[in-house]
Amino acid sequence: MATQASALTKAQPVEKLTVHFNVLSPIHIGTREGALLPMEYLYHQGSIWVVDESKLGRFLLQRNLMDQFIQEAFSKNLKKHGLSGFFERHARNAPLNQLAPEVAAYSVPGGQPDMGEFRPFVRDGFGRVYIPGTSIKGVLRTAYLYAVLKNEASHTQSGPHPREREIEGRINGLKTERNRERAKKFLSAELQRNLLQSWDLACGGSEQNRDILRCLKVRDAYPLNDKVQTRVIPISFLSKKSDGTHYWSQKPREGGDLTVWVEAVVEGTFVTEILWDQRLYEAFQRENPKKSLPFSRTPSPKEFLILAMNMNKDFLAHETAFFGSKGDSEAGRVRSWYEKTKEKTKGALFRIGFGSGMLSTTVNLLWSEKLRQEIRNVCGHDRGTEPAPKSRRVWVKSEKECVPMGWAEIRLADSATPDASKPSSPPAKASDHSVKTSPPSIVTAPSVTTTTPSKPKTATAAPSVASSVPPSSLKPTSPRGPVPEAKPSAPSDLVGQARSVQLTNQLAMERLLKSMENAEEVQARQAARVLKERMERERLWKSTPFRTDIEAFLEED
């Protein structure tokens, strides 16, 4: 087995898998800034125009409106009536359809004139919608913990999970904690330390350095062929009482249905690349011979997706039961959506982003209803004995359609690698954390005509792939991506190029990062350090869309 592992390391130190996420229901990934106020956007003829501060400043100066703008901002009129109201009063000679492009960074269909604030979708430094790799990895991290804990429960005949008493003790100790966010972190920290960050390394290091999921890396996900549809939509809260009836959550003060407006991707496909660092994993294995991962086969990106799908399979069953026949008819429509989606996708599901809820982002589905209520009451809002969680964020798309948030179908790019049902390498060694699973069906991505996306990524564009195939034909992509191409040779002076490349030139940066991927590890890391230092000096590091790629070369620093 050691010989086989050594051969794998030499042949493929990092295994890469190209993954398509086909959007099934609205996905929203928020920004650090949160919601935009009416003074930060314009509404005109069914579209929202998000203001660019520099453009707005120039416009106000050119029209001699800066003083009025400042006065209304301090008098709170601007916040109350919005930027649209300001221009209607002070820039009557400029119709909004002409004015909006002059002051806006981009526009999005949807919204309403009186919607108040809304939450924009996260964008990169070039203004393009994307899903951060950290968000995707967060889902895979939860799925890993869920698989390990579910396996622990499988050893008990009946009754609560064997860790419930331990969790109850921590909850009792947090009842006096006023900061609920800190309570949430404290509650999950011990589980992560025990199950993820307890691996030893020869070099020692902090808990973060000893986290086994350092071996897993996920690229930012960009739209396939730069084509996704975003829309500003209203999200409502469908809640459930203890008697099983459903109702719409109400605004606490003024009354009426509680609604949150978000910019969500409602249609399209995202493409990402998931990587497994086999060399780093073997370094962990050498120091932890009795430990292993919760897989029935050799660890790989595909195995992590299977963990996520198995977790979502349980969640899908729970949600279908949650939306029973009692109460509002919209509950039955959500239930119908889940039933149809389960049949359509064969369980190859992934959930991410705003509206995923407590159960999708934690391992709480494994606990008893009583313990979930206690966790909710201490770490969130105290709702007594009401269901935990009691509400779901949904989009009432039409009179006949009501859909939950955050669902996507997983599709993999086809290749000529061996059949996934016949692993080419031996299964992972069994241990207390091993889980033997029957993966839900995953199909390959449908045939598409692709061009190289103009996105700031080093990964190749999604390939032309074969039509849907049976689950047994699940195949990962080749290490270099699914599009056959000659590997560019590494330049003789990679570090020199890192010192001289124009940091805001997208094509030049993409070419350099591609060369770094094909260079020696030490040379690539030196070039990455140079790029990071330059970007920090020029204050580009936080906004650059290449940050994730550069950090991937610095993982072992």
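Because the structure is predicted, anything quoted here is derived from the model rather than measured.

### So, the overall build of the protein chain
- When helices and strands are tallied, the protein chain shows 17 helices and 13 strands.
- A burial count over the protein chain gives 51% of its 557 residues as buried.
- Of the contacts formed within the protein chain by residues at least 6 apart in sequence, a portion of 79% connects residues at least 24 apart.
- Looking at the protein chain as shown, the accessible area adds up to about 27000 Å², and 49% of this sits on carbon and sulfur atoms.

### Re the sheet that holds strand β4 (residues 104-109)
- Ordered by their spatial adjacency, three strands build an open sheet running β2-β3-β4, and the pairing between neighbours is antiparallel. In this open sheet, the two edge strands, each paired with only one partner strand, are β2 (41-44) and β4. Between one strand and the next, the sheet's axes are offset by a mean angle of 20 degrees, whatever the strand orientation.
- Note: β2 against strand β3 (residues 47-51), four bridges, orientation antiparallel. What sits directly across from Tyr43, in β3, is Ile48.
- Across the face of the sheet, helix α5 (residues 96-103) comes into contact with β2, β3 and β4 while running at roughly 150 degrees to β2.

### Observations regarding the confidence of the model for the protein chain
- Mean pLDDT over the protein chain: 79, with 81% of residues reaching 70 or higher.
- Taken as a whole, residues 1-11 scores under 50 in pLDDT and shows eight contacts with residues more than four places along the chain or in a different chain.
- Note that pLDDT drops below 50 for residues 415-438; the model gives that stretch 59 contacts with residues more than four away or on any other chain.

### Quick word on the nonpolar core
- Ile131, Leu140, Tyr144, Ile212, Phe350 and Trp367 are the most contacted members of the largest nonpolar core, which has 94 residues in total.
- Ile131 has contacts with Ile27, Ile29, Phe121, Ile136, Asp220, Ala221, Phe270 and Ile352, leaving out every residue within four places of it along the chain.
- One finds Leu503, Leu512, Ala527 and Leu554 within the second-largest nonpolar core, a separate group that totals 22 residues.

### A few points about the pattern of salt bridges
- Taken as a whole, this structure holds 25 salt bridges when the rule is applied.
- For Glu263, the salt bridge is made with Arg123, and the minimal N-O distance between the two is 3.0 Å. One end of the pair, Glu263, is in strand β8 (residues 259-277); the other, Arg123, is in the loop between β4 and α6 (133-153), and 140 residues separate them in sequence. The residues Glu263 and Arg123 share a single accessibility class, namely buried.
- For Glu521, the salt bridge goes to Arg525, with nearest N and O atoms at 2.7 Å. Residue Glu521 and its partner Arg525 are located together in helix α16 (residues 521-537), separated by four residues, close to a single helical turn.

### Brief notes about the pairing of strand β10 (residues 391-396)
- In terms of strand pairing, strand β6 (residues 222-240) meets β10 through four bridges, oriented antiparallel. In the sheet register, Ser239 faces β10, and the bridge partner there is Ser391.
- The pairing of β10 with strand β11 (residues 402-404) spans three bridges and is classified as antiparallel. Among the inter-strand pairings, Val396 is bridged to a residue of β11, identified as Cys402.
- Where β10 hands over to β11, the hairpin turn is made up of five residues, counted between the paired strands.

### Here we look at helix α15 (residues 506-517)
- With 12 residues, α15 extends 17 Å from end C-alpha to end C-alpha; this agrees with the ideal 16 Å at 1.5 Å per step.
- By the criterion of burial, α15 is predominantly enclosed, with 10 of the 12 residues buried.
- Among the residues making up α15, those that are buried are Gln506, Ala508, Met509, Glu510, Leu512, Leu513, Lys514, Ser515, Met516 and Glu517.
- Along its buried surface, α15 packs onto β1 (14-23), α14 (494-500), α16 and α17 (547-553).

### Describing the packing of helix α3 (residues 66-74) against helix α4 (residues 77-90)
- Between α3 and α4, the least distance of the axes is 9 Å, while the angle of their chain directions is 155 degrees. With respect to α4, the axis of α3 lies roughly antiparallel. Of the two possible hands of crossing, α3 and α4 adopt the one that is right-handed. Between α3, through Gln68, Phe69, Glu72 and Ala73, and α4, the contact on the second element is made entirely by Asn77, Leu78, Leu83, Phe86, Arg89 and His90.
- The class makeup of the residues in the contact of α3 with α4 is five nonpolar, three polar and two charged.

### Re the environment of Arg128
- In this fold, Arg128 is placed in the loop between β4 and α6.
- Residue classification places Arg128 among the buried positions, given a relative accessible area of 18%.
- Along the sequence, Arg128 and Asp226 sit 98 residues apart, while their C-alpha atoms lie 8.7 Å from each other.

Calculation criteria
- Residues numbered from 1 in each chain as written.
- Predicted model: local features only at pLDDT ≥ 70, side-chain atom pairs only at ≥ 80, totals over all residues.
- Heavy atoms only, no water.
- Helix = DSSP H or I, 4+ residues; strand = E, 2+ residues; numbered from the N terminus.
- Buried < 20%, exposed > 50% of the residue type's maximum accessible area, 1.4 Å probe, protein only.
- Contact = heavy atoms within 4.5 Å.
- Areas by Shrake-Rupley, 256 points an atom, 1.4 Å probe, with all protein chains shown as cover.
- Pairing = 2+ DSSP bridges.
- Axes fitted to C-alpha atoms, helices over the stretch in contact; angles between N-to-C directions.
- pLDDT = per-residue confidence, 0-100.
- Core = buried A, V, L, I, M, F, W, Y, C linked by side-chain atoms within 4.5 Å.
- Salt bridge = Lys/Arg side-chain N within 4 Å of Asp/Glu carboxyl O.
- Expected span 1.5 Å × (residues − 1).
- Parallel < 35°, antiparallel > 145°, perpendicular 65-115°, else oblique.
- Left-handed = near helix turned anticlockwise from the far one by under 90°.
- Nonpolar A, V, L, I, M, F, W, Y, C, P; charged D, E, K, R; others polar.

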